[in-house]
Amino acid sequence: MAKAYASDPGWRVTASSLQVHGGIGFTWEHNLHFFLKRARTNGHLFGTAGEHRDRVAELAGLAREAAPA
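What counts, and where the lines are drawn
Residues numbered from 1 in each chain as written. Predicted model: local features only at pLDDT ≥ 70, side-chain atom pairs only at ≥ 80, totals over all residues. Heavy atoms only, no water. Helix = DSSP H or I, 4+ residues; strand = E, 2+ residues; numbered from the N terminus. Buried < 20%, exposed > 50% of the residue type's maximum accessible area, 1.4 Å probe, protein only. Contact = heavy atoms within 4.5 Å. Salt bridge = Lys/Arg side-chain N within 4 Å of Asp/Glu carboxyl O. pLDDT = per-residue confidence, 0-100.

Student: Which residues make up the side chain of His-52, and what are the values?
Tutor: For His-52, the position within the fold is in helix H3 (residues 49–59). Taking the relative accessible area as the measure of exposure, His-52 reaches 17% and is therefore buried. Contact partners of His-52, with chain neighbours within four places excluded, come to Lys-3, Ala-4, Phe-46 and Gly-47.

Student: How would you summarise the pattern of salt bridges if you had to cite specific residues and measurements?
Tutor: Inspection of every chain in the model, using the stated rule, returns one salt bridge. Its salt-bridge partner being Arg-55, residue Glu-58 comes within 3.0 Å of it at the nearest N-O pair. With a gap of three residues between them, Glu-58 and Arg-55 both fall in helix H3, about one helical turn apart. You can call Glu-58 partly exposed: its relative accessible area is 48%. Taking the relative accessible area as the measure of exposure, Arg-55 reaches 42% and is therefore partly exposed.

Student: Break down the confidence of the model for the protein chain for me, citing the residues and quoting the values.
Tutor: With 81% of its residues at a pLDDT of at least 70, the protein chain reaches an overall mean of 77. For the protein chain, helix H1 (residues 2–21) is the element with the lowest average pLDDT, namely 80, and H3 is the one with the highest, namely 86.

Set out below in structure tokens:
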């Protein structure tokens, strides 16, 4: 649950910071871009918040069954 809790704000905070600093025109030269790229990469490498929540629900026996087609 800690991974799921930290995953969403990790991306939101860096994306919001990019918007705040974007007005100065030097965003690519700022270290903020490294943080933004790291947040996105971490989501791909370690799983998104939704994936972590689904896994916890599965382990707790609360996972939804797939709807019959």
